[in-house]
Amino acid sequence: MTILPVIPTSPDEPDAVATRRRPAMPPRHLADLDLAGRRAAVAELGEPAFRAKQLSTHYFGRLVRDPAEMTDLPAATRDRLAEKLLPTLLTAQKELACDDGATRKTLWRLHDGAMVESVLMGYPDRVTACVSSQAGCGMACPFCATGQAGLTRNLSVAEIVDQVVYLAGVTASGAVTGSPPRLSRIVFMGMGEPLANYPRVIEAVRRLTTPAPEGLGLSQRHITVSTVGLVPAMRRLIAEELSVTLALSLHAPDDDLRDELVPVNQRWKVAEVLDAAFDYAAQTGRRISIEYALIRDVNDQPWRADLLGRLLHGKLAHVNLIPLNPTPGSKWDASPKPVEREFVRRLREAGISTTVRDTRGREIDGACGQLAASELTVVDAGGAAADAEVAR
């Protein structure tokens, strides 16, 4: 029997037990605040309000995360502001690159020892950042490395934003081979279920899309927020009047299998989840991305392709088939290429726009959660000394 993940009834009001057990969030950071909040914070420190714009211009406009590089600020002022508004949120634990430098993955250690991952993917016409919204994930999807690890905690607004600012800086440096020197797209498809950290993810989206120096100035239309199908949060997203793309991690068109692959389906069934997604598309005019990881002999049968085609026929939706990147020791494996091609053929024959996701990063533990899982395995093997290092 699959265990249903525990989901707070309201993203803003977790139950009392969850509140007592919630790990400590990081200290306040510039990116947690809008420009008015930054002015107020600067004033509390006895500094003139224009310092808020100076800090914002460095961080969001020039992608400078290190206070030592903000040399137009007096040293004493810089140190005081840095301590209160620019604490270190992310420390790179490991950075790996492949695809001739076009794919780069970073494993971050947070202030409490939790680990999250970010991936930068360069293409000839764009650079995309895949960021995490939680440390771990509570959705318990059995084929996902992050789901197997369980949930540690939500990330703060600034922990989410800081991943993007760092990756934007890497892009601007020209380090992403064969791509433009500007980060243009964000996908919330890293570790965690974004809509289970709803208020912070939405605030992070607003911070990323507000023009500089208050924010990073990215286009809402170039941001994708994924979900396994938290229907109340999906309907709440409709009311936000954002134009981000909604990606639904479906992975099975029938309830019997989806109950196993995506345990939250035991709470909100396929029909209800798709209804919410289609309502979002109707409200925003944005095509829904249906994410479907093809798993050998599990969800790749021709009849499932046909069923998916019937469910999506005439809807504003696109299917993004994902060749499974299997995790070490997992019983799940990718579908053979002939099976994948037949699945694609049937969907397209049904009139459904379908693509197969470009496979990136296999040699650098590219699947979400793999690098963190491998690092934690090494730590566990190290005994007490390693545990002490993690705590430190």
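Residues numbered from 1 in each chain as written. Predicted model: local features only at pLDDT ≥ 70, side-chain atom pairs only at ≥ 80, totals over all residues. Heavy atoms only, no water.

A. Spatial organisation of the overall build of the protein. Helix and strand counts for the protein stand at 14 helices and 12 strands. Here the protein holds 392 residues, and 53% of them are scored as buried. Sequence separation of 24 or more characterises 69% of the internal contacts of the protein that already satisfy a separation of 6 or more. (Helix = DSSP H or I, 4+ residues; strand = E, 2+ residues; numbered from the N terminus. Buried < 20%, exposed > 50% of the residue type's maximum accessible area, 1.4 Å probe, protein only. Contact = heavy atoms within 4.5 Å.)

B. Inspection of the packing of helix α8 (residues 231-238) against helix α10 (residues 270-284) at higher detail. Viewed as axis vectors pointing N to C, α8 and α10 meet at an angle of 10°, and their least axial separation amounts to 9 Å. The angle between α8 and α10 places the two elements in the roughly parallel class. Together, V231, M234, R235, L237 and I238 of α8 and E272, V273, D275, A276, A277, D279, Y280 and Q283 of α10 make up the contact between the two elements. Of the residues contributing to the contact of α8 with α10, the split by class is eight nonpolar, one polar and four charged. (Axes fitted to C-alpha atoms, helices over the stretch in contact; angles between N-to-C directions. Parallel < 35°, antiparallel > 145°, perpendicular 65-115°, else oblique. Nonpolar A, V, L, I, M, F, W, Y, C, P; charged D, E, K, R; others polar.)

C. Representation of the confidence of the model for the protein in the model. Residues of the protein with pLDDT of at least 70 account for 86%, and the chain-wide mean is 88. In the predicted structure, residues 376-392 sits below a pLDDT of 50 and forms six contacts with residues beyond four places in sequence or in another chain. (pLDDT = per-residue confidence, 0-100.)

D. Layout of the packing of aromatic side chains. Evaluation of the coordinates by the stated rule reveals three aromatic pairs. Taken together, a centroid distance of 4.9 Å and an interplanar angle of 90° make the contact between Y59 and F60 edge-to-face. In this pair, the class of Y59 matches that of F60, namely buried. Centre to centre, the rings of Y292 and F343 are 5.2 Å apart; their planes meet at 40°, and the pair counts as tilted. Placement of Y292 in strand β10 (residues 288-294) and of F343 in helix α12 (residues 337-349) is noted, with a sequence separation of 51 residues between them. (Phe/Tyr/Trp six-rings, centres within 6.5 Å; stacked < 30°, edge-to-face > 60°.)

E. The arrangement of the environment of G138 in detail. Looking at the element boundaries, G138 is found in the loop between β5 (134-136) and α5 (145-149). Given the relative accessible area of 21%, G138 is considered partly exposed. When the C-alpha positions of G138 and G192 are compared, they lie 7.4 Å apart, and in sequence the two are 54 residues distant.

F. Geometry of the sheet that holds strand β11 (residues 317-323). In spatial order, the strands read β1-β2-β3-β4-β7-β8-β9-β10-β11-β12; together these 10 strands make up an open sheet with mixed pairing. Either end of the sheet is taken by a strand with one partner, and the two such strands are β1 (91-98) and β12 (353-356). Strand after strand, the sheet turns through a mean of 20° between neighbouring axes, direction not considered. Strand direction decides the pairing type here: strand β7 (residues 185-188) and strand β8 (residues 223-227), joined by three bridges, are parallel. Residue pairing for β8: V187 is matched across the bridge by T224. (Pairing = 2+ DSSP bridges.)

G. Quick peek at the pairing of β1. Here seven bridges tie β1 to strand β2 (residues 103-109), and the two strands are oriented antiparallel to one another. Considered in β2, the bridge of K94 is made with L107.

H. Quick peek at helix α11 (residues 302-312). The complete set of buried residues in α11 reads R304, A305, L307, L308, G309 and L312. Buried residues along α11 sit in contact with α9 (255-261), α10, β10, β11 and α12. After α11 finishes, the residue G314 shows a positive phi value of roughly 80°.

I. Just the side chain of T354, in detail. Within the fold, T354 resides in strand β12. Under the relative-accessibility criterion, T354 is labelled buried at 5%. At 3.0 Å, the side chain of T354 forms a polar contact with the backbone oxygen of I352. Apart from the residues lying within four places of it in its own chain, the contact partners of T354 are H318, V319, L321, V344, L347 and R348. (Polar contact = N/O pair within 3.5 Å; in protein donor to acceptor, adjacent residues only side chain to side chain.)

J. Broad picture of the pattern of salt bridges. This structure, assessed with the given rule, holds 18 salt bridges. A salt bridge links R80 to E47; its shortest N-O distance comes to 2.1 Å. Linking R80 in helix α4 (residues 75-85) with E47 in the loop between α2 (35-44) and α3 (50-61), this pair joins segments that are 33 residues apart in sequence. For E47, a relative accessible area of 10% corresponds to the buried category. (Salt bridge = Lys/Arg side-chain N within 4 Å of Asp/Glu carboxyl O.)

K. Summary view of α3. Its 12 residues give α3 an end-to-end C-alpha distance of 15 Å, which sits within 8% of 16 Å, the value for a rise of 1.5 Å per residue. Three or more residues of α3 are buried, namely R51, A52, Q54, L55, S56, H58, Y59 and F60. (Expected span 1.5 Å × (residues − 1).)

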